[in-house]
Amino acid sequence: MGEFMEREYHARPLLGFEIEEDAAQRQTVTSPYDRRQPVGSVQWATKAQAERAVDVAWQAFPAWSETPVETRATILERLADLMETHLAELMTLCSREGGKLLTDGVDEIREAVDFCRYYAARARELFAEPTQLPGPTGESNELMMNGKGVFAAISPWNFPVAIFTGQLVAAAVAGNTVLAKPAEQTSLVAHRVIELLHEAGMPREVVQLLPGDGPTVGSVLSSDPRITGVVFTGSTDTAQIINRSLAARDNAALPTLIAETGGLNAMIVDSTALPEQVVADVVHSAFQSAGQRCSALRVLYLQEDIAERVIDILRGAMAELRIGDPRDLGTDVGPVIDEEARQGLLAHVEKMKAEDRLLAASELDPAQTEHGTFVAPMAFAIDGIDTLDEEQFGPLLHIARYRSDQLDAVIDTINARGYGLTFGVHSRNESFTRHVASRIRVGNVYVNRDIIGAVVGVQPFGGQGFSGTGPKAGGPHYLLRFATEKTRTINT
Ligand code: ADP
């Protein structure tokens, strides 16, 4: 693994046409855990290159959509094999470029591999043969699934391999051509994935990589009338900008928007729960990946009889968290992605402290953290989810207390707040967990365990309301979002 710790990476747009080196578009990439350490550089795509890439994708669509599904699926499986072969390199790069713990990096690559294999298998079932539908005598009715056209895949930095790869391979295996726009902060690992995808046999004009800044590249991808669909993961605000831009296009067919966005994820703990288990699951749910997961726990509701006990144990557990270099296997919490994110989180910390809400905090060791963008995990007392303005995308937890007779009011407040991604419940009372899990309106509910993203690739993950458009990543139905149905009725 040592060789990947030192190597400098240089990324650029990977397009279906040649481009010149352009020093003016080159950005330096440094590590979030030590901003003095270079990781490499990336040449961002220009607006003109993005526009030409759309031309190429548009022209490549008919041939790709008629390419047998077996060929398309096999490319995904080859990519999965290549990612496994290059696991050490990819996880190291996730760590150096994005500040991920090495162990999180392994999970991340495994998830991407899972998506590739699962979507390949599912595509063979859905796209290989027309489905015969029943019909009147003398007629044969067939249902076929085809790609829709050109998809833009716009992805975030927090799962720079799993989400990035999952989005674009789903679009491509369903028969669409794809313009992949990785997040600014994680272009290097995205570039490496697309190199592997091309090595796996994906034609260069079918999946093109457009590293670059969101407003420049992203706005081409959401305003060109030839874009048939956008698959997006990121903030609710950006999803709304993309939605408006797609809708404002003249002379464009109605688009598909598949969006996974933020969450103000809550967990409700009743008095029968086991406090030690609750704390272990809360620490994992709130602070793993430095809280930079859309699924992370943001608001913990504790029934008042158990609250003091849980908070006491939580204080002890948070005091033991080791914050530092993500490449060190002893580290529990790495840095947040960049200085802008750190400043935003620290502003929230100041506000909470000024209101005297701090309940528990982990310690930062200055020697370990002075050159990086670190934020200490903290927990704050709040009255309820409705007092929070927005999601804080970092290791900051909020704790509210409730009385048993307030339970339904708490759930209704969480529902009314409008986010609907993940939710946890801890209780040994089965009718309590069943009631809470049924009344809450979210995409993924976790009972007596930590809140994480998809448990496995075959399980759909995603939310409703401000958290997304509903169609979920993973799961048996995801590929259908990228496809269009066509029937053939034959007079026999
Ligand atoms: P975050 O706040 O987590 O960085 P964003 O929503 O800003 O989330 O970013 C998610 C992705 O959306 C990134 O790839 C980013 O470059 C892209 N993006 C940002 N602004 C726009 C935009 N105006 N149009 C399209 N994509 C955008």
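Residues numbered from 1 in each chain as written. Predicted model: local features only at pLDDT ≥ 70, side-chain atom pairs only at ≥ 80, totals over all residues.

For the protein chain, the helix and strand inventory stands at 15 helices and 20 strands. The globule rule puts the C-alpha radius of gyration for 492 residues at 23 Å, and the 23 Å found for the protein chain is close to it. A principal-axis box enclosing the C-alpha atoms of the protein chain has dimensions of 70 × 60 × 40 Å. Split into buried and exposed, the 492 residues of the protein chain put 50% on the buried side. (Helix = DSSP H or I, 4+ residues; strand = E, 2+ residues; numbered from the N terminus. Rg over C-alpha atoms; globule rule 2.2 N^0.38 Å. Buried ≥ 20, exposed ≤ 12 C-beta atoms within 10 Å, placed from the backbone.)

A separate point is the sheet that holds strand 8 (residues 207–209). Taken in spatial order, the five strands make up an open sheet running 8-7-6-9-10, and their pairing is parallel. Whereas interior strands pair on both sides, the edge strands pair on one side only; in this sheet they are strand 8 and strand 10 (256–260). Pairs of neighbouring strands in the sheet enclose a mean axial angle of 15 degrees, with direction left out of account. Of the strand pairs in this sheet, strand 9 (residues 227–233) and strand 10 are connected by five bridges, and their pairing is parallel. Paired with phenylalanine 232 across the bridge in strand 10 is alanine 259. Lying over the sheet, helix 7 (residues 187–199) contacts strand 7 (177–181) and strand 8, oriented at roughly 150 degrees with respect to strand 8. (Pairing = 2+ DSSP bridges. Axes fitted to C-alpha atoms, helices over the stretch in contact; angles between N-to-C directions. Contact = placed C-beta atoms within 7 Å.)

Here we take up the environment of leucine 257. Along the chain, the position of leucine 257 falls in strand 10. Note: C-alpha distance between leucine 257 and threonine 469 (212 residues apart in sequence) is 7.6 Å. Apart from residues lying up to four places away in sequence, leucine 257 is in contact with Gly229, Val230, Ile242, Asn243, Leu246 and Thr469.

Near the ligand you find 16 residues, and of these Gly214, Gly218, Gly234, Ser235 and Thr238 are the closest. Of all the secondary structure elements, the ones that give two or more residues to the shell around the ligand are helix 8 (214–223) and helix 9 (236–247). For the shell around the ligand, the element with the highest residue contribution is helix 8, accounting for five residues. Residue classes in the shell around the ligand are distributed as six nonpolar, eight polar and two charged. (Near = placed C-beta within 6 Å. Nonpolar A, V, L, I, M, F, W, Y, C, P; charged D, E, K, R; others polar.)

Another aspect to go through is the packing of helix 10 (residues 275–287) against helix 11 (residues 304–319). Packing of helix 10 against helix 11 brings their axes to within 9 Å, and their N-to-C directions diverge by 50 degrees. With respect to each other, helix 10 and helix 11 are oriented oblique. Remark: the crossing between helix 10 and helix 11 carries right-handed chirality. Contact residues: Pro275, Glu276, Val278, Val279, Val282 and Val283 in helix 10; Ile306, Arg309, Val310, Ile313, Leu314 and Ala317 in helix 11. Among the residues forming the contact of helix 10 with helix 11, the class breakdown is 10 nonpolar, no polar and two charged. (Parallel < 35°, antiparallel > 145°, perpendicular 65-115°, else oblique. Left-handed = near helix turned anticlockwise from the far one by under 90°.)

What follows is about the nonpolar core. The biggest cluster of nonpolar side chains holds 87 residues, and the ones touching the most others in it are Tyr119 and Val173. With 10 residues, the single largest contributor to this core is helix 5 (residues 102–127). Beyond its immediate stretch of four places on either side in the chain, valine 173 contacts Arg72, Ala73, Leu76, Tyr119, Ala120, Ala123 and Leu479. Of all hydrophobic cores here, the second largest spans 59 residues; its members include Ala307, Phe393, Leu397 and Val425. (Core = buried A, V, L, I, M, F, W, Y, C linked by C-beta atoms within 7 Å.)

An ideal rise of 1.5 Å per residue puts 16 Å on 12 residues; helix 9 measures up with 16 Å between its terminal C-alpha atoms. Every buried residue of helix 9 is listed here: Ala239, Ile242 and Leu246. Projected onto a plane normal to the axis of helix 9, the buried residues spread over an arc of 65 degrees and lie on a single side. Looking at helix 9, the residues exposed on the side facing more than 90 degrees away from the buried face are Asp237, Arg244 and Ala247. (Expected span 1.5 Å × (residues − 1). Arc of directions from axis to C-beta.)

Moving on to unusual backbone geometry. At asparagine 251, a position not held by glycine, the phi torsion is positive, near 60 degrees. Classification of asparagine 251 by C-beta neighbours within 10 Å gives exposed; the count is 5. One non-glycine residue, aspartate 356, lies in positive phi territory at about 60 degrees.

Moving on to the sheet that holds strand 20 (residues 483–491). Overall, antiparallel pairing links the three strands, which are arranged 4-5-20 in an open sheet. Both edges of this open sheet fall to strand 4 (131–133) and strand 20, since each of them pairs with a single strand only. The sheet shows a mean angle of 30 degrees between the axes of neighbouring strands, direction not considered. Taken together, the nine bridges between strand 5 (residues 139–147) and strand 20 define a ladder with antiparallel strand orientation. Counted as the bridge partner of asparagine 146 is threonine 484 from strand 20.

Before going further, it helps to examine the confidence of the model for the protein chain. Overall, the prediction assigns the protein chain a mean pLDDT of 95, with 99% of residues at 70 or greater. Quick note on the complex model: pTM equals 0.96, ipTM equals 0.99. (pLDDT = per-residue confidence, 0-100.)

What follows concerns the environment of alanine 483. With respect to the helices and strands, alanine 483 occurs in strand 20. Sequence-distant contacts of alanine 483, that is, excluding residues within four places in its chain, are made with Met145, Asn146, Gly147, Lys148, Ala174 and Gly175.

Attention now moves to the packing of helix 8 against helix 9. Viewed as axis vectors pointing N to C, helix 8 and helix 9 meet at an angle of 40 degrees, and their least axial separation amounts to 8 Å. As judged from the angle between their axes, helix 8 and helix 9 are oblique. Crossing of helix 8 over helix 9 shows right-handed handedness. Here Gly214, Ser219, Ser222 and Ser223 of helix 8 come into contact with helix 9, specifically with Thr238, Ile242, Ser245 and Leu246. Of the residues belonging to the contact of helix 8 with helix 9, the class tally is two nonpolar, six polar and no charged.

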